[in-house]
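Notes for the structure review
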Amino acid sequence: GAGVSQSPRYKVAKRGQDVALRCDPISGHVSLFWYQQALGQGPEFLTYFQNEAQLDKSGLPSDRFFAERPEGSVSTLKIQRTQQEDSAVYLCASSLRTSGSLRYFGPGTRLTVL
Amino acid sequence: AQKITQTQPGMFVQEKEAVTLDCTYDTSDPSYGLFWYKQPSSGEMIFLIYQGSYDQQNATEGRYSLNFQKARKSANLVISASQLGDSAMYFCAMREAFKAAGNKLTFGGGTRVLVKP
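Let me begin by describing the structure that accompanies this report.

Summing up its helical and strand segments, chain A has 0 helices and 11 strands in all. Listing the helices and strands of chain A from first to last along the sequence gives β-β-β-β-β-β-β-β-β-β-β. Here chain A has a C-alpha radius of gyration of 13 Å; the compact-globule value for 114 residues is 13 Å, and the two agree. If you take every contact in chain A between residues at least 6 apart in sequence, the share linking residues at least 24 apart comes to 54%. Surface summary for chain A: the accessible area is close to 5,600 Å², and the carbon and sulfur share equals 47%. In chain A, the 13 positive side-chain charges and the 10 negative ones have mean positions that sit 5 Å from each other.

A separate point is the interface of chain A and chain B. Listed as interface residues are 22 residues of chain A and, on the opposing side, 20 residues of chain B. Buried area between chain A and chain B, summed over both chains or domains, comes out near 1,500 Å², and the portion from carbon and sulfur atoms is 56%. Remark: the boundary between chain A and chain B carries 1 salt bridge. Elements with a contribution of two residues or more to the side of chain A that touches chain B: β4 (31–37), β5 (44–50) and β6 (53–56) of chain A. Per element, the largest residue contribution to the side of chain A that touches chain B is 3 residues, and it comes from β4(A). The residue makeup of the side of chain A that touches chain B, split by class, is 10 nonpolar, 9 polar and 3 charged.

Attention now moves to the nonpolar core. Of all hydrophobic cores here, the largest spans 25 residues; its most connected members are Leu21(B), Tyr25(B), Trp36(B), Ile49(B), Leu77(B) and Tyr90(B). Those elements that provide at least two residues to this core are β2 (10–14), β3 (19–21), β5 (32–39), β6 (46–52), β8 (64–69), β9 (74–79), β10 (88–96) and β12 (111–116) of chain B. By size, the runner-up hydrophobic cluster in this structure holds 20 residues, among which are Val4(A), Ala13(A), Leu21(A) and Cys23(A).

Let us look at the sheet that holds strand β8 (residues 75–79) of chain A. Strands belonging to one sheet form pairs held by backbone hydrogen bonds; the direction of such a pair is parallel or antiparallel. Residue and element names in this part refer to chain A. Reading across the sheet, the 4 strands line up as β1-β3-β8-β7 and stay open at both edges, with antiparallel pairing between neighbours. For this open sheet the edge positions go to β1 (5–7) and β7 (65–68), each flanked by a neighbour on one side alone. Averaged over all pairs of adjacent strands, the angle between their axes in this sheet comes to 15°, without regard to strand direction. Where β7 lies against β8, 4 bridges are found, and the strand directions are antiparallel. In the strand pairing of β8, Glu68 is matched with Thr76.

All names here are of chain A. Mapped onto the fold, Glu71 is located in the loop between β7 and β8. For Glu71, a relative accessible area of 72% puts it in the exposed group. Once the C-alpha coordinates of Glu71 and Glu52 are considered, the two residues, 19 residues apart in sequence, prove to be 5.7 Å apart.

On inspection of all chains with the given rule, the structure shows 7 salt bridges over all chains. In this structure, Glu68(A) engages Lys78(A) in a salt bridge whose closest nitrogen and oxygen atoms are separated by 3.4 Å. One end of the pair, Glu68(A), is in strand β7; the other, Lys78(A), is in strand β8, and 10 residues separate them in sequence. Judged by relative accessible area, Glu68(A) falls into the partly exposed class, the value being 27%. The partner of Arg63(B) in a salt bridge is Asp86(B), with the nearest N and O atoms 2.8 Å apart. Note that Arg63(B) is positioned in the loop between β7 (60–61) and β8 and Asp86(B) in the loop between β9 and β10, a separation of 23 residues in sequence. A residue is classified by how much of its surface remains accessible, and Arg63(B), at 22% relative accessible area, is partly exposed. The buried category is assigned to Asp86(B), whose relative accessible area is 3%.

Moving on: the pairing of strand β3 (residues 19–24) of chain A. Residue and element names in this part refer to chain A. Burial of the side chains of β3 is restricted to one face: Val19, Leu21 and Cys23 are buried, whereas none of Ala20, Arg22 and Asp24 on the reverse face is. Pairing geometry for β1 and β3, over 3 bridges, is antiparallel. Each bridged residue has a counterpart across the sheet, and for Ser5 the counterpart in β3 is Asp24.

What follows covers the pairing of β6(A). All names here are of chain A. Where β5 lies against β6, 3 bridges are found, and the strand directions are antiparallel. Each residue of the ladder has a partner; that of Phe49, found in β6, is Gln54. Counting the residues between successive antiparallel strands, the hairpin from β5 to β6 contains 2 residues, one of them, Asn51, with a positive phi of roughly 55°.

Rules and cut-offs
- Residues numbered from 1 in each chain as written.
- Chains lettered and ligands numbered in written order.
- Predicted model: local features only at pLDDT ≥ 70, side-chain atom pairs only at ≥ 80, totals over all residues.
- Heavy atoms only, no water.
- Helix = DSSP H or I, 4+ residues; strand = E, 2+ residues; numbered from the N terminus.
- Rg over C-alpha atoms; globule rule 2.2 N^0.38 Å.
- Contact = heavy atoms within 4.5 Å.
- Areas by Shrake-Rupley, 256 points an atom, 1.4 Å probe, with all protein chains shown as cover.
- Lys, Arg positive; Asp, Glu negative; His and termini not counted.
- Charge placed at Lys NZ, Arg CZ, Asp CG, Glu CD.
- Buried area = accessible area lost by both parts, 1.4 Å probe.
- Salt bridge = Lys/Arg side-chain N within 4 Å of Asp/Glu carboxyl O.
- Nonpolar A, V, L, I, M, F, W, Y, C, P; charged D, E, K, R; others polar.
- Core = buried A, V, L, I, M, F, W, Y, C linked by side-chain atoms within 4.5 Å.
- Buried < 20%, exposed > 50% of the residue type's maximum accessible area, 1.4 Å probe, protein only.
- Pairing = 2+ DSSP bridges.
- Axes fitted to C-alpha atoms, helices over the stretch in contact; angles between N-to-C directions.

Put into structure tokens, the structure is as follows:
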């Protein structure tokens, strides 16, 4: 498909487990964003990549959260030692240019921590 | 202070009628952009409409229009001729051009719209 894809779509983890969430942006898109959306709320910014460089990680809630985009395309958001408060939908978005107004969102990964 | 405020948590609207969703924002950046997204129950965020801070005209996209009042810092979304498929969460978001790398979006809390037949 031509859109942003994310996998898995649903993830259930026991408290304390590590999880890895994948984002495949639209081919050629320079910018990639991760957002966290708690139930009933708007998305909250986590981190931003321009190609492989992570230029902004100010939204990562703790050092348990780590993101990478080693080759400037696919990105992985890793959460170590998951806690119940990490339960949320994790959205990935990409845009063609660094200053692009139009950005495309993926379907999200719903993480439930038991 | 909240950067994006959506004061209506939920709204009912009759099919075929128009509905206005409120959004106010707070920024000191002279260059910014305002977005509206629709999020159906399936979860994907669908881009609806964009307004740049320097745009002279209010943005329109089909049945969607943005009532941009810069002095009041408001960017209300108007959906005309509501359809059952318009039932969803609607989010207002802002991009501040100079505040952060990559022009990240800051979202409001959303408004849930339910269209009644």
